[in-house]
Amino acid sequence: MAATDRRPRRWRVDQQKITGIVLLAIVGVLVLGPLAVLLRASVAPPNTMPLETWAVTFSNFKAIFEHPATPTIIGNTLLYAAGSVGIGVAIATFIAWLTERTDMPGQALIRVMMFAWMAVPPLVIGFGWILLINPGNGALNVLARNLFGVQGALFTIYSFWSLILITALSVVPTAYVMIAGLLRNMDPQMESAARVLGGGRFAVARRITLPLLTPGLFSIGIYMVMAVVQAFDLPLIIGLTAKIPVMSTRVFLLSVPDNGIPNYSLSSAFGVVLLAIAVVLMWLYFRAIRTGEKFRTVTGRGFRPKPAVLGALRWPAFTAAMLYFAIMALPVLMLAWTSLFPFYRLPSLEALPLASLANFHRVLDSALVQRALVNTVLLVVLSASVVMLLSALVAWFSVRGGGLLGRVLDVMSFAPTAVPPVVMVMAILILYIKTPLYGTVWVLIIGHLTIYIAFGTRTMTSALIQIHKELGDAAMISGASWATSLRKVILPLVWPQVANGWLWVAAHSARDLTIPLVLMTTNNVVIASVVYTMWDFPDVPGAAAVSFLLVAALLVVVVPVQLLASRASTRG
Amino acid sequence: MLAVRDLTKTFPARHDNGAVRALRGVSFDIADGDFFALLGPSGCGKTTMLQSIAGLETPDSGEIAMGDTVVYASAGGINIPANRRQLGMVFQSYAIWPHMTVFDNVAFPLAHGERKTGKAEIAERVKRALDLVKLGAFADRLAPHLSGGQQQRVALARALVHEPRLLLLDEPLSNLDAKLRDTMRIELRQLVKSLGITTLFVTHDQVEAMGMSDKLALMRDGVIVQQGTPQDIYLRPESAFAADFMGRSNLVAGRVNGNGAMVDVETPIGTIRCPAAATDLNDGIVVIRPQAVRLHGPGIGGQNCYAGTVEQVSFLGDVVEGEVRVGAGLLKIVVDPYRQVAPGQTVTVELPPERCVLVPPDSGSLP
Ligand SMILES: Nc1ncnc2c1ncn2[C@@H]1O[C@H](COP(=O)(O)OP(=O)(O)OP(=O)(O)O)[C@@H](O)[C@H]1O
Ligand SMILES: [Mg+2]
């Protein structure tokens, strides 16, 4: 054995340790920095820059709890979350049951459309609905007036119900994906057994299927409530005009007021309250998951659930499912229509000859939109890539590295789940406002890294858990360094999950308004914030054109991947 | 070649169970070129031992040396990482990388290992390794398209291709079906023996351990209870556990009378005369293999001869197993299939003293 002529490669020994420490530092700064600032700011005296004084006071919390509007805001928030999640989960459960457990036609189509729909920004949907049903000249209202002679407005966007319904429709795709997974993993033998023992179809559904699903549905429900409590864009564009303040918009208005100076300490205190609510929800979520585990029915392999036979109801069921997509498509079509005219026009055949692409030319020529495009591409590509890189490493340390480092990294990267983005971004604002990063696209990237690392880590953790530990060990024994074993063995094996996670983060980063809006300056505009500013200006046709471009770009990226993925999964 | 000294490893308590002392001071040596088996029941610490030697797990204290290099020593703070210990290992799951061809799997230690090798030499050495395990024709196959036995050979080729100084095998046969296991047992041993590679082999199957190894160590609850050649441990167990684990045996408890080379043990069967144990005992267990029992017709007298009644017989083809009631005890026996025995038959059972082994009473498992 010619082992003597080897150069010593000492640094290799510590590759893993050094990476771990660097990772800990990065994630620590990303996650703990803003949280510490938030807590500090919430006890700073009102109307000060929180990081420029040492004074501590609880007057902010006192102000919040003594303010007469506070109970309304909290009540609104909970009602809003419960209402939209209740309706959204009901619709999602129904469609998921149709696609997973029945012989309805067009199941693959509906599945792909659901995934694709997750890419459409709620902001855009909200604008579309405003165009459709605002009380003055909403297209549907005018239609009702002309056709049926309805006086006044049939619908109004600026009401609590509209806000709840529109939010409900927009949470359906996410809820659908989770519930479909739940249904797929349920052991159909439980149902078959009940059928054999003489239960009728609906008795079985009510007495067996639903109770079995309840823990899972409950935990999905809590997860969705958490998401809606944290949601910001729809409450902003619909809720503010309708005078329905919820916690997330309250935090926003305090830190980015239309006029006057921001009150960071009060908004931080609000943020802490919102954070507390989110933590409670999260605790409930984990408890629900744990009870769910007890019920969990693990299926054997190669074991296809027998679909329920719908018979004559097959096509009506399909129509009902498609109705959801028709409703979802309305606002996007309305935006498309609006983008074709220099001024807002009602949809009609007479107007059609006047349609032109002038708005698209105009917005694409605008320096603002061009800058926003460059920024958006930077933001989306860098956020998604860095999130997946950090997540893959964090996941490796928490799944394989073992020890304290792994656990600390795991907890730290999961913590942002409990922090509403609007709260997180305000903390980031306070933290970075005096640094050169503020006002650049980099601070937006930092924001998105912080917010999406939790998702990325969870994706990569579940991917790595499925990779047998010995596959990596075998590479080490073969003499490969840690980095080589990751690059040559682990990474190629989890590649599909990395790509999927990347896509998810990219789509969410492109559609997110919270971070770009709170941190917006003239330099770091991105498409989402441009749409919002144009709409606010108001340049409705311009906003519609940019929105349409955004949706189209997202769909062009997401749909082909979904088609490939669905083909791969039906084949495999 | 391999020297392990006082190795300990404790897994810290997790939320739902207490700390596990997986290794409690294990020492053993493997001579150059030996095929050494580490045998023990599930959970006794075999995998932990193997992983510590491989460098995939860090022990708490002790020392591991390979040849004249110390790869781990808690005292000196030495811990050479797994990728620089120059080992080959076949994992229990085989750990064949599913995204690579057979060739790429086997080439990996040469292409990405410590010592980089040229393309031409890699091709040459991989071919040799694959020929060795009779998989030359499969080089371009993707790994998942192989049968279990073929995967095991790929794993073996990959473990051998870079000429490791020590080969580690973690239950390499347990995923194969019984027939294949029998042939692979012999093939595997012949292969590594012909290459002269020192091998450490972990298994919970005593037939496998005895059939393949030059030397073996029997583990229980994180300690080695006995080591030696297979015959040694089978014929001269030092504990009831060792006797029981190595194969079917009659364990007859009793009081020990007398001292000297031969002692008498009062048992429910009668007084058994047998060689004394290494230490003086008041109580002990006499270990008698079923094969050690001689069966005669009724009414025959002599040393260690007892009258008995056949209680049950099962005809297994290869052998006939039976149980004979003797006094207040029951003895398992094995007889050849051509011999007529039937339940109810009265017989004389002879237990030749030199085939009886006296061991201390079982202390139970360690705390
Ligand atoms: N990572 C770990 N954390 C905690 N306990 C562990 C860990 N790995 C092993 N153990 C415990 O250490 C003890 C020894 O485990 P080990 O895997 O070495 O047993 P084994 O002899 O290989 O068993 P088997 O024949 O079942 O493979 C067991 O009680 C096991 O539960
Ligand atoms: Mg094991």
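Residues numbered from 1 in each chain as written. Chains lettered and ligands numbered in written order. Predicted model: local features only at pLDDT ≥ 70, side-chain atom pairs only at ≥ 80, totals over all residues. Heavy atoms only, no water.

Q: Would you take a moment to explain the overall build of chain A for this structure?
A: Regarding its fold elements, chain A presents 23 helices and 0 strands. Taking 25 Å as the expected radius of gyration for a compact globule of 572 residues, we find that chain A reaches 26 Å, a close match to that expectation. With the C-alpha coordinates aligned to their principal axes, the bounding extent of chain A is approximately 95 × 75 × 50 Å. Residue burial in chain A is summarised as follows: out of 572 residues, 51% are buried. Looking at chain A as shown, the accessible area adds up to about 26,300 Å², and 69% of this sits on carbon and sulfur atoms. Taken as two groups, the 39 positive and 19 negative side-chain charges of chain A have centres that lie 7 Å from each other. (Helix = DSSP H or I, 4+ residues; strand = E, 2+ residues; numbered from the N terminus. Rg over C-alpha atoms; globule rule 2.2 N^0.38 Å. Buried < 20%, exposed > 50% of the residue type's maximum accessible area, 1.4 Å probe, protein only. Areas by Shrake-Rupley, 256 points an atom, 1.4 Å probe, with all protein chains shown as cover. Lys, Arg positive; Asp, Glu negative; His and termini not counted. Charge placed at Lys NZ, Arg CZ, Asp CG, Glu CD.)

Q: So what exactly am I meant to see when it comes to the packing of aromatic side chains here?
A: Two measures describe an aromatic ring pair: the distance that separates the ring centres and the angle between the ring planes. Residues and elements named next belong to chain A. By the definition in use, this model includes 15 aromatic pairs over all chains. Centroid distance F127 to W535: 4.0 Å. Interplanar angle 20 degrees. Geometry classified as stacked. Taken together, the residues span a long stretch of sequence, with F127 in helix α5 (residues 122-133) and W535 in helix α22 (residues 527-536) at a distance of 408 residues. Judged by its relative accessible area of 0%, F127 is buried. On the accessibility criterion, W535 (15% relative accessible area) is buried. With a centroid separation of 5.7 Å and an interplanar angle of 55 degrees, the aromatic rings of F397 and W482 are classed as tilted. Taken together, the positions of F397 in helix α15 (residues 367-401) and W482 in helix α20 (residues 482-511) put the pair 85 residues apart, joining distant regions of the chain. Take W482: its relative accessible area is 8%, and that puts it in the buried class. (Phe/Tyr/Trp six-rings, centres within 6.5 Å; stacked < 30°, edge-to-face > 60°.)

Q: Whenever I open this one, the site of ligand 1 confuses me. Can you help?
A: Residue and element names in this part refer to chain B. Around ligand 1, the surrounding shell consists of F11, V20, A22, S42, G43, C44, G45, K46, T47, T48 and E171. In this structure, an oxygen atom belonging to ligand 1 sits 2.6 Å away from a side-chain N or O atom of T47. The separation between an oxygen atom of ligand 1 and a polar side-chain atom of T48 is 2.5 Å. Starting from 630 Å² of accessible surface for ligand 1 in isolation, the protein chains cover 64%. Broken down by element, the shell around ligand 1 gets its largest block of residues, 3 residues, from helix α1 (residues 46-54). (Near = heavy atom within 4 Å. Polar contact = N/O pair within 3.5 Å; in protein donor to acceptor, adjacent residues only side chain to side chain.)

Q: Would you mind showing me how to read the interface of chain A and chain B here?
A: Reports of interface size often rely on the accessible area that becomes lost once the parts have come together. Each partner contributes to the interface: chain A provides 25 residues, whereas chain B provides 32 residues. Counting each side, the surface lost to burial between chain A and chain B is near 2,500 Å², with a carbon and sulfur contribution of 60%. Connecting chain A to chain B are 6 residue pairs in polar contact (both at pLDDT 80 or more). Here the element with the most residues in the side of chain A that touches chain B is helix α19 (residues 469-477) of chain A; it accounts for 8 residues. Across the side of chain A that touches chain B, the residue classes break down as 13 nonpolar, 5 polar and 7 charged. (Contact = heavy atoms within 4.5 Å. Buried area = accessible area lost by both parts, 1.4 Å probe. Nonpolar A, V, L, I, M, F, W, Y, C, P; charged D, E, K, R; others polar.)

Q: Can you help me understand the pairing of strand β1 (residues 2-11) of chain B in this one?
A: The two faces of a sheet get side chains in turn, since along a regular strand they alternate between them. All names here are of chain B. Looking at chain direction, β1 and strand β2 (residues 20-30) are connected through 8 bridges and run antiparallel. What sits directly across from L7, in β2, is V26. Sheet topology places β1 next to strand β4 (residues 61-66); 5 bridges connect them, and they run antiparallel. Bridging from a neighbouring strand, T8 pairs with S61 of β4. (Pairing = 2+ DSSP bridges.)

Q: Help me understand the sheet that holds strand β8 (residues 166-170) of chain B, please; the structure alone is not making it clear to me.
A: In any sheet, the strands associate via hydrogen bonds between backbone groups, in a parallel or an antiparallel arrangement. All names here are of chain B. Strand order in the open sheet formed by 6 strands is β7-β8-β9-β3-β10-β11, and the pairing between neighbours is mixed. Each edge of the open sheet is held by one strand with a lone partner, namely β7 (87-90) and β11 (223-228). Adjacent strand axes in the sheet meet at a mean angle of 20 degrees when their direction is disregarded. Bridge count for strand β10 (residues 215-220) against β11 is 5 bridges, and the pairing is antiparallel. Bridge pairing in β11 links M219 to I224. Its contacts with the sheet put α1 on β3 (35-39), β7, β8, β9 (199-203) and β10, and the angle it makes with β8 is roughly 150 degrees. Sitting on the sheet, helix α5 (residues 178-195) touches β3, β8 and β9, and the angle it makes with β3 is about 135 degrees. (Axes fitted to C-alpha atoms, helices over the stretch in contact; angles between N-to-C directions.)

Q: When you look at α1(B) in this model, what are you seeing that I'm missing?
A: Residue pairs spaced three or four apart in an α-helix point in one direction, given the helix's 3.6 residues per turn. Residue and element names in this part refer to chain B. The element α1 is extensively covered by neighbouring structure, given that 8 of its 9 residues are classed as buried. The complete set of buried residues in α1 reads K46, T48, M49, L50, Q51, S52, I53 and A54. G55, located one to two residues past α1, shows a positive phi value of around 90 degrees.

Q: Which parts of the structure should I look at to understand the domain arrangement of chain A?
A: Residues and elements named next belong to chain A. Domain parsing of chain A yields domain 1 (72-249 + 310-338) and domain 2 (354-572). Relative placement of domain 1 and domain 2: their C-alpha centres are 25 Å apart. Contact with domain 1, which involves 24 residues of that partner, is made by 30 residues of domain 2. Summing both sides of the interface, domain 1 and domain 2 together bury roughly 2,400 Å²; the carbon and sulfur share of this comes to 78%. (Domains from an automatic or database assignment.)

Q: What am I meant to see in the environment of L254(A) here?
A: Residue and element names in this part refer to chain A. Within the fold, L254 resides in helix α11 (residues 247-255). Along the backbone, L254 and V546 are 292 residues apart, and their C-alpha atoms lie at a distance of 28 Å. Once residues lying within four places of it in the same chain are set aside, the contact partners of L254 are P262, N263, L266, S267 and F270.

Q: Hey, could you run me through a nonpolar patch on the surface in this one?
A: Taken together, I18(A), V22(A) and I26(A) make up a surface patch of nonpolar side chains, about 240 Å² in accessible area. Within the element layout of this structure, I26(A) appears in helix α1 (residues 11-42). (Patch = residues over 30% accessible without salt bridge, like charges linked within 9 Å, V, L, I, M, F, W, Y side chains within 5 Å. Salt bridge = Lys/Arg side-chain N within 4 Å of Asp/Glu carboxyl O.)

Q: Please clarify how the pairing of strand β15 (residues 283-288) of chain B should be interpreted in this entry.
A: Residue and element names in this part refer to chain B. Buried residues dominate β15, accounting for 5 of its 6 residues. With 6 bridges connecting them, strand β12 (residues 250-257) and β15 associate as antiparallel partners. Paired with G254 across the bridge in β15 is G284. Inspection of the sheet shows β15 paired to strand β21 (residues 357-359) by 3 bridges, in the antiparallel sense. Paired with V286 across the strands is L358, a residue of β21.

Q: Looking at this structure, how should I read the sheet that holds strand β17 (residues 305-315) of chain B?
A: Residues and elements named next belong to chain B. Ordered in space as β16-β20-β17-β18-β19, the 5 strands form an open sheet in which the pairing is antiparallel. Among the strands making up the open sheet, the edge pair consists of β16 (294-296) and β19 (329-335). Across the sheet, the mean angle separating the axes of adjacent strands is 45 degrees when strand polarity is ignored. Relative to β19, strand β18 (residues 320-326) is paired through 7 bridges, and the arrangement is antiparallel. Note that in β19 the partner of G322 across the bridge is I333.

Q: Please explain the domain arrangement of chain B as it appears in this structure.
A: Taken domain by domain, chain B consists of domain 1 (2-235) and domain 2 (248-359). Each of domain 1 of chain B and domain 2 of chain B has a C-alpha centre, and the two are 40 Å apart.

Q: Could you clarify how one ought to interpret the packing of α15(A) against helix α18 (residues 441-465) of chain A in this entry?
A: If you want to describe how two helices pack, look at the angle between their axes and the distance between the axes. Residues and elements named next belong to chain A. One way to put it is that α15 packs onto α18 with a least axis distance of 6 Å and a crossing angle of 40 degrees. Classified by the angle their axes make, α15 and α18 are oblique. Of the two possible hands of crossing, α15 and α18 adopt the one that is right-handed. Taken together, the residues of the contact of α15 with α18 break down into 22 nonpolar, 8 polar and 1 charged. (Parallel < 35°, antiparallel > 145°, perpendicular 65-115°, else oblique. Left-handed = near helix turned anticlockwise from the far one by under 90°.)

Q: Before we go on, may I ask you to explain the packing of α5(A) against α22(A) in this structure?
A: Residues and elements named next belong to chain A. In the contact formed by α5 and α22, the axes pass within 11 Å of each other and the chain directions differ by 20 degrees. Comparing the axis directions of α5 and α22 gives the class roughly parallel. Crossing geometry of α5 relative to α22 is assigned as left-handed. Of α22, the residues touching α5 (which contributes L123, F127, I130 and L131) are A528, V531, Y532 and W535. A breakdown of the residues in the contact of α5 with α22 according to their chemical character gives 8 nonpolar, no polar and no charged.

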